[in-house]
Amino acid sequence: MALRVIDNLRRLHEKATVRCGSGYVKRIVTHNPIVRGGNVARIASSVSRTELPANPTFMPPAIILEPTNRCNLRCETCILGTDRAYKNYAKRDLTVDDFRRVLDQIPTLVHIVLQGIGEPLLNESLPDMIRLARQRGITCSFNTNGTLMNEKKFVEVMEAGVEEISFSVNSIDETVFAQTRSGASLPKVLRNLDRVLEIRRERGTKGPIVGTRSILMRETVPGAEKLVEYCADRGVDRVCFQDYLTGFGQAKMDESKVSDEEVKTVLQRLLDTGRRRRIQVINDKGGNGLGACRQPWLSPFITAEGYVTPCCTIADPSTINFGNILKEDFQAIWHSESYTAFRDRFYRDRPFICTVCPHY
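Summary of the structure given here. (Residues numbered from 1 in each chain as written. Predicted model: local features only at pLDDT ≥ 70, side-chain atom pairs only at ≥ 80, totals over all residues. Heavy atoms only, no water.)

### Focus: the packing of helix α9 (residues 224-234) against helix α10 (residues 260-277)
α10 packs onto α9 with a crossing angle of 20° between their chain directions and a minimal axis gap of 10 Å. In terms of orientation, α9 and α10 fall into the roughly parallel class. Helix-helix and strand crossings are classified by hand; for α9 and α10 the assignment is right-handed. Residue-level inspection shows Ala224, Glu225, Val228, Glu229, Ala232 and Asp233 of α9 in contact with α10, the latter providing Arg269, Leu270, Thr273, Gly274, Arg276 and Arg277. (Axes fitted to C-alpha atoms, helices over the stretch in contact; angles between N-to-C directions. Helix = DSSP H or I, 4+ residues; strand = E, 2+ residues; numbered from the N terminus. Parallel < 35°, antiparallel > 145°, perpendicular 65-115°, else oblique. Left-handed = near helix turned anticlockwise from the far one by under 90°. Contact = heavy atoms within 4.5 Å.)

This is the structure we're talking about:
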């Protein structure tokens with residue numbers, strides 16, 4: 001039992017370091033140590049078990065919070081590129097007051113991923129949110145499609161204290177990129193990525209962490225190693241690969257999904273390339289079909305409208321949500337009958353929303 005607890009703590013620490021930064025323990029101690037320190041102890045106790053509790057005694061240490069559900073692209077791999085876009089939810093940007101309300105209700109937060117289905121840089125208040133979070137000892141990261149990341153915007157979020165920025169670059173092959181990133185220009189995105197890295201070098205700073213994120217699909221797998229090599233040559237810190245999520249974008253794109261066995265083979269090759277080129281290669285797939293996902297406990301998703309859902313793959317709150325944090329108390333939502341029931345059946349009855357997700 002003791003060895004299992006230690007092993008789980010080690011894995012939790014490794015994941016937290018990648019997601020929240022190496023100084024997350026210091027931030028826990030410095031900011032609100034009673035609430036957060038006790039919260040971490042309760043999390044550690046829970047993750048040492050095979051199953052996490054249906055009604056946890058701890059609060060989430062991280063959230064994925066959608067700053068906007070608007071986007072300047074209409075990618076076929078995303079719900080915004082389908083006819084389901086905005087049918088059950090409204091276009092909206094999170095306000096700074098909304099953001100402050102979320103922080104006030106979840107004092108245990110260590111990290112926030114400012115991400116959803118939209119392009120975060122479309123929300124002009126993004127730097128203000130990052131700054132407010134950092135004042136409370138909370139780090140922030142976000143993904144961008146890279147088309148809007150100019151020097152001004154980068155300096156704003158950098159000076160606000162963003163921990164990590166990831167550019168969505170599925171391939172450095174223009175044809176493949178065009179197939180999977182509708183409306184974006186690969187040369188422009190790569191120029192913006194280069195300029196971000198250049199500014200960081202000019203300022204002599206190690207932060208923020210700059211990475212790329214790519215979807216492993218039939219179209220992108222052949223060029224994945226070249227992407228790693230390219231990023232290593234440019235001075236990118238890490239390259240993250242994720243599985244394609246079927247049912248999220250246009251139906252025809254489901255044919256692009258790569259089998260689990262092929263993903264394992266490809267990832268091993270990419271990890272080897274990363275080690276050889278001294279660049280971090282990450283795959284955020286954690287599923288094994290037995291409820292390995294921990295997002296409903298450790299990093300729930302909150303939409304731009306304020307709806308609390310189990311994870312970031314649920315962009316449409318009409319599919320499933322447990323309440324609205326901008327209208328209700330989060331403690332009540334966190335311990336609600338609906339959320340407790342969802343977590344309770346998570347290991348026994350695979351929830352319908354999880355059936356196509358590679359993280360489960």
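Now that the structure has been shown, the text picks up again.
### Brief notes about the sheet that holds strand β9 (residues 308-309)
Strands in a sheet are paired, the pairing made by backbone hydrogen bonds, and the direction either parallel or antiparallel. The nine strands lie next to each other as β7-β6-β5-β4-β3-β2-β1-β8-β9, forming an open sheet whose pairing is mixed. The open sheet terminates on both sides in strands that have one partner only, identified here as β7 (280-283) and β9. Sheet analysis places strand β5 (residues 209-216) next to strand β6 (residues 238-243), joined by six bridges and oriented parallel. Its bridge partner lying in β6, serine 214 is registered against phenylalanine 241. (Pairing = 2+ DSSP bridges.)

### Some remarks on the nonpolar core
The biggest cluster of nonpolar side chains holds 95 residues, and the ones touching the most others in it are Phe99, Ile112, Phe142 and Phe241. For this core, the element with the highest residue contribution is helix α8 (residues 186-203), accounting for seven residues. If near-sequence neighbours (up to four positions away) are discounted, phenylalanine 142 is found in contact with Leu114, Gln115, Pro120, Leu121, Leu126, Ile130, Met149, Val157, Val162, Glu164, Ile165 and Ser166. (Core = buried A, V, L, I, M, F, W, Y, C linked by side-chain atoms within 4.5 Å. Buried < 20%, exposed > 50% of the residue type's maximum accessible area, 1.4 Å probe, protein only.)

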